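Each chain is listed here by its residues.
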Amino acid sequence: MPVRAAPGAWSQNLMGRPLPQGAAPDSTSAVSSPSDPATAGNDAGAPTAPATGGEGEPHSRHREARLGSTDKELKSGAAAADSVRTAPGTPRQRGEVMDAAGGSRNTLPRPCHVLVLLNPRGGKGKALQLFRSHVQPLLAQADVSFTLMLTERRNHARELVRAEDLRRWDALVVMSGDGLIHEVVNGLMERPDWETAIQKPLCSLPAGSGNAVAASLNYYAGYEQVTKEDLLTNCTQLLCRRLLAPMDLLSLQTACGQRLFSVLSLAWGFIADVDLESEKFRRLGEMRFTLGACLRLVALRTYRGSLAYLPAETLASRRGPSPALAPQDPADTHVVPLEQPVPPHWTVVPEQDFVLVLALLHSHLASDLFTAPMGRCSAGAMHLFYVRAGVSRAMLLRLFLAMEKGRHMECHCPHLVYVPVVAFRLEPKDGKGVFTVDGELLISEAVQGQVLPNYFWMVSGYREPPPSLKPQPSPRRKSQQTLPPSERP
């Protein structure tokens, strides 16, 4: 049956023709042939991180060829078919996705109907053109019908998903950069029925500047690092395959009482500066970050603050492996109120000058920045990097250039520290610097966060569940990094 677009949204039918506001889009599924190719202490003297190893699953350097070809022409037609709806009901245990009959599954149905939220101004401003040329033909062949909504302003997607009847969609497809996924997840978490809403599967189709989430999913699927249209084609093929995997969420609290959620990262210092200051170069696409980094290196800044964190190994040794299923509410069980000292089993980095601090959930910080080559963290953990003051501009440039291939950890920079953690607290002094959360601006004030394991579902290329969903021996062997006695908990 027809589905109406949300008020104020621009919607298009499957043939790509714009519909007037309030009009019902065509609900037919775009289908071609039956065959589907997509189914075949302190830190004095702290050491640098190893080039490989650590928490998570290391990946082979021998990568498979990327999925599909951007030049492949797919013939498509239209056939009427009702979309498969997600069954309404009471909130379910996180870690399950239910089909229309009430059974558990880890794939999207076939055929399926998705809502595509697209930012036409993201990246180089060609998202809509790329959707029609690279995405729509593949969806037609894979029996995926869609309704397209174009976002018109900042936080528009957040407002849409907060008010949308999600039962009409099998998944929400986000075509833009990482900022739009951030909006969608926070909009879902702001709903009265957030426990059910956050279980709606998401899909990332890269059309922004950074596209880190999409690049990470491409990497986890085992494919070579690609960018631009090739990455878009790969991620569209993953949607056509319909596989789902649970993803961690970073829960953040600020000193002013704000609560928000991150799907990718929190950055302070150099990385946040580059992210925000390069906004004026957005039309350059991914090159904006390279240009922004070079400009910031000329006038390198340092920021004074204090950092504390709960190492993942400490939690494993104290409490055993993380549970397979997340709690039924987003409770931050590892942190205490910001006005209180951190728990005694946390590691404290004394107040000092930093060049940057980065908490990262995934492998990539941009489609061409392979920031965490040590492998995907186990569920409930994230990567924490920080660079102390004193690092030379030449070394920072070397690290940045090496990050494209994930070789920066081999530079053995004495000012760079890496550790997998489950929670952290960062307190800037004098209010200097800014934070970015998934590339979005956050004012500079004390902030803390912890990982909520396996909290939402994304279209992915995983064929095996993450480590926390499988039986585990107790505690893993220690990572190759050894903390000095003064920084051990």
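In what follows, the structure referred to is the one given above.
What counts as what
- Residues numbered from 1 in each chain as written.
- Predicted model: local features only at pLDDT ≥ 70, side-chain atom pairs only at ≥ 80, totals over all residues.
- Heavy atoms only, no water.
- Helix = DSSP H or I, 4+ residues; strand = E, 2+ residues; numbered from the N terminus.
- Buried < 20%, exposed > 50% of the residue type's maximum accessible area, 1.4 Å probe, protein only.
- Pairing = 2+ DSSP bridges.
- Right-handed = clockwise from strand over helix to strand, strands pointing away.
- Axes fitted to C-alpha atoms, helices over the stretch in contact; angles between N-to-C directions.
- Parallel < 35°, antiparallel > 145°, perpendicular 65-115°, else oblique.
- Left-handed = near helix turned anticlockwise from the far one by under 90°.
- Contact = heavy atoms within 4.5 Å.
- Nonpolar A, V, L, I, M, F, W, Y, C, P; charged D, E, K, R; others polar.
- Polar contact = N/O pair within 3.5 Å; in protein donor to acceptor, adjacent residues only side chain to side chain.

**Q** How should I be thinking about the environment of Met149 in this particular structure?
**A** Positionally, Met149 belongs in strand β8 (residues 144–150). When the C-alpha atoms of Met149 and Leu117 are compared, they prove to be 5.1 Å apart, with 32 residues separating the residues in sequence.

**Q** Would you mind showing me how to read the pairing of β8 here?
**A** Counting buried positions along β8 yields seven of seven residues, so the element is predominantly enclosed. Residues Val144, Phe146, Leu148 and Leu150 point to one face of β8 and Ser145, Thr147 and Met149 to the other, with burial holding for every one of them. In this structure, strand β7 (residues 112–118) lies alongside β8, joined through seven bridges in parallel fashion. By the bridge assignment, His113 is partnered in β8 with Ser145. Taking the sense of rotation as the criterion, the β-α-β connection linking β7, helix α1 (residues 127–141) and β8 turns out right-handed.

**Q** How should I be thinking about the packing of helix α5 (residues 212–220) against helix α6 (residues 228–241) in this particular structure?
**A** At a minimum axis separation of 10 Å, α5 and α6 run at an interaxial angle of 65°. One element, α5, and the other, α6, form an angle in the roughly perpendicular class. Crossing geometry of α5 relative to α6 is assigned as left-handed. Every residue of α6 that contacts α5 at Ala214, Ala215, Leu217 and Asn218 is listed here: Leu231, Asn234, Cys235 and Leu238. Partitioned by chemical class, the residues of the contact of α5 with α6 number six nonpolar, two polar and no charged.

**Q** Explain the side chain of Thr236 here, please?
**A** With respect to the element layout, Thr236 can be found in helix α6. Side-chain polar atoms of Thr236 contact the backbone oxygen of Leu232, separated by 2.8 Å. Setting aside anything within four residues of it in sequence, one finds Thr236 in contact with His134, Val135, Leu138, Leu139 and Leu205.

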